[in-house]
Amino acid sequence: MHKNKPFFLVLSLLVLAQIALGQNNTNSPYTRFGYGDLVDNSSAEQRGMGGAGIGSRSNQSINTLNPASYSVVDSMTFMFDLGTSVLASHFSDKISGKTTLNANLEYITMQFPLAKWLGFSAGMLPYSFLGYNFYQNDTTHINNSSTIDTIPYTRSFVGTGGFSQVYTGLSANLFKHISLGVNAYYMFGNMTNNRHLTFPNNSDYTSTAQYNSITASSFRFRYGAQFYNTFNKKHDVT
């Protein structure tokens, strides 16, 4: 089992990267702004506690919010955690409405021990999603000699893409009551925001288009520390 861990880890990360690039089922006009819809990287268990995770230290769950927690993993344990989400949304204006059903991969993480005092974790955590496609019909008025021409036009907005991050982390126990950890992230992905202005019923005016693209390809780190102790074999504090 120990000899196959590096091979299994590399293979898993390659699969995760392909999943991250291929999956994005988002359809919301609000993702047009900033980096889109930011993803909550806490696990399902932590979300049930309101996102608390800095002091969480359990040998039955993976806590990526604080890499110092990895060292608690049992010496005979291999953990794998996958999270998905489904969101039903309804968008409407004074003319029409639209209901969408979106499903996305939230995270894939794994954790296992390298030694009794050393824990390891790796996985894929999406950072943000971008996806929208809507248009707006309107008119403008232009003075032409003694008359005023009414010119109809259409503005279209299309956006796709997202950012993902692959991470690896180590955590070590020190002096039986202190744990230190670090995560190394590689963030990658691409977002495109396209705007079009067209004049469908008038060839005297030139249509225009604007294309914006944001690309991520960088590393970042997160450091963590935990102090923990057990009292009377029943009470734990972290």
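See the structure shown above.
These numbers come from a predicted model, not from an experiment.

So, how was this worked out
Residues numbered from 1 in each chain as written. Predicted model: local features only at pLDDT ≥ 70, side-chain atom pairs only at ≥ 80, totals over all residues. Heavy atoms only, no water. Core = buried A, V, L, I, M, F, W, Y, C linked by side-chain atoms within 4.5 Å. Buried < 20%, exposed > 50% of the residue type's maximum accessible area, 1.4 Å probe, protein only. 1 Å grid on protein atoms, 1.4 Å probe; cavity = no way out; pocket = protein on both sides within 12 Å on 5 of 7 lines; lining within 4 Å. Points joined across faces, edges and corners; volume = space filled by probe spheres on them. Helix = DSSP H or I, 4+ residues; strand = E, 2+ residues; numbered from the N terminus. Nonpolar A, V, L, I, M, F, W, Y, C, P; charged D, E, K, R; others polar. Phe/Tyr/Trp six-rings, centres within 6.5 Å; stacked < 30°, edge-to-face > 60°. Lys NZ or Arg CZ within 6 Å of the ring centre and 35° of its normal.

## Structural notes on the nonpolar core
Generally speaking, soluble globular proteins have nonpolar side chains that are buried together. If you look at the biggest cluster of nonpolar residues, it comprises eight residues: Ile62, Tyr70, Val73, Met79, Tyr107, Leu125, Tyr167 and Tyr185. Leu130, Phe157, Phe163 and Met187 belong to the second largest nonpolar core, which has seven residues in total.

## Re the layout of surface pockets
Rolling a probe over the atoms, with the probe sized like a water molecule, indicates the empty space that remains. Estimated volume of the largest pocket: approximately 660 Å³. Lining the largest pocket are 19 residues, with Ser92, Asp93, Ser96, Phe134 and Tyr135 positioned closest to its centre. Those elements giving two or more residues to the lining of the largest pocket turn out to be β2 (79-92), β3 (97-115) and β4 (118-144). Ranked by the residues each element gives to the lining of the largest pocket, the list is headed by β4, at six residues. By residue class, the composition of the lining of the largest pocket is seven nonpolar, nine polar and three charged. Lining of the second largest pocket is provided by 19 residues; of these, Asp37, Ser85, Leu87, Glu106 and Phe129 occupy positions nearest its centre. Within the residue set of the lining of the second largest pocket, elements represented by two or more residues are β1 (37-38), β2 and β3.

## Looking at the environment of Thr168
By the secondary structure assignment, Thr168 is in strand β5 (residues 147-174). C-alpha separation for the pair Thr168 and Phe120, spaced 48 residues apart in sequence, amounts to 7.5 Å.

## Quick look at unusual backbone geometry
Peptide bonds are mostly trans, and most non-glycine residues show a negative phi. In the Ramachandran plot, Phe175 falls in the positive-phi region, its phi being about 60° despite a non-glycine side chain. On the secondary structure map, Phe175 appears in the loop between β5 and β6 (178-198). Judged by relative accessible area, Phe175 falls into the exposed class, the value being 71%. The phi torsion at Lys176 lies on the positive side, around 70°, for a residue other than glycine. On the secondary structure map, Lys176 appears in the loop between β5 and β6. Overall, Lys176 belongs to the exposed group, its relative accessible area being 72%.

## A closer look at the packing of aromatic side chains
Summed over all chains, the structure comprises 10 aromatic pairs. Seen in terms of ring centroids, Phe112 and Phe120 are 5.3 Å apart; in terms of plane orientation they differ by 40°. Their pairing is tilted. Accessibility expressed as a relative area gives 4% for Phe112, which makes it buried. Ring centres of Phe134 and Phe157 lie 5.0 Å apart, and the angle between their planes is 20°; on these two criteria the pair is classed as stacked. Pair noted here: Phe134 is in strand β4 and Phe157 is in strand β5, with a separation of 23 residues, a long-range link. For Phe157, a relative accessible area of 5% translates into the label buried. Feature note: the residues Phe78, Phe112 and Phe120 constitute an aromatic cluster, connected by ring pairs. Across the ring face of Tyr185, the terminal group of Arg220 is positioned such that the distance to the ring centre comes to 4.1 Å.

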